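This is what each chain is made of:
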Amino acid sequence: MAAAAQLPEQQRQALEAAIETMQVKDSLKMYNNLVDRCFRDCVDSFRRKDLDSGEEKCVQKCCEKFLRHSQRVGARFAELSQATEAQMANLMQQQGK
């Protein structure tokens, strides 16, 4: 976001709002994918309104696995973003010389 700090205030605020909106949409999409995947994988009986113990354990394991995976992807994305920002900063610095 170092490059965004150099934008005029109004453009910076618009960019930050757009990024926030995208993050909310991504979070909702991730949650919906989690619910859909774990429901399809774990719930196989509609005889009761509550989950049986096996289904409940399956949902819990499924959610934990999905969240661990999402955290790993997020960490990797952050690493790549930092590397890209560093490259951009170097390019801008080289162009300024």
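Residues numbered from 1 in each chain as written. Predicted model: local features only at pLDDT ≥ 70, side-chain atom pairs only at ≥ 80, totals over all residues. Heavy atoms only, no water.

Considerations on the nonpolar core
Step number 1: Judged by nonpolar contacts, L34, C38, C42, C62 and F66 together constitute the single largest core of 5 residues.
Step number 2: Among the elements of the structure, α1 (9-42) and α2 (53-96) are those that each provide at least two residues to this core.
Step number 3: If you tally residues by element for this core, the top one is α1, at 3 residues. (Core = buried A, V, L, I, M, F, W, Y, C linked by side-chain atoms within 4.5 Å. Buried < 20%, exposed > 50% of the residue type's maximum accessible area, 1.4 Å probe, protein only. Helix = DSSP H or I, 4+ residues; strand = E, 2+ residues; numbered from the N terminus.)

Some details on the pattern of salt bridges
Step number 1: Applying the stated criterion to the full structure yields 5 salt bridges.
Step number 2: Residue E16 pairs with R12 through a salt bridge whose shortest N-O separation is 2.7 Å. With E16 and R12 both in helix α1, this residue pair falls 4 residues apart, about one helical turn.
Step number 3: With relative accessibility at 35%, the residue E16 sits in the partly exposed group. (Salt bridge = Lys/Arg side-chain N within 4 Å of Asp/Glu carboxyl O.)

What about the UniProt feature "domain: Tim10-like" (unreviewed entry) in the protein chain?
Step number 1: Look at the UniProt record and you will see "domain: Tim10-like" (unreviewed entry) annotated at residues 19-79.
Step number 2: End C-alpha atoms of residues 19-79 are separated by 18 Å, and the span's content is 84% helix alongside 0% strand. (UniProt positions renumbered as here; feature names shortened; annotations may be inferred.)

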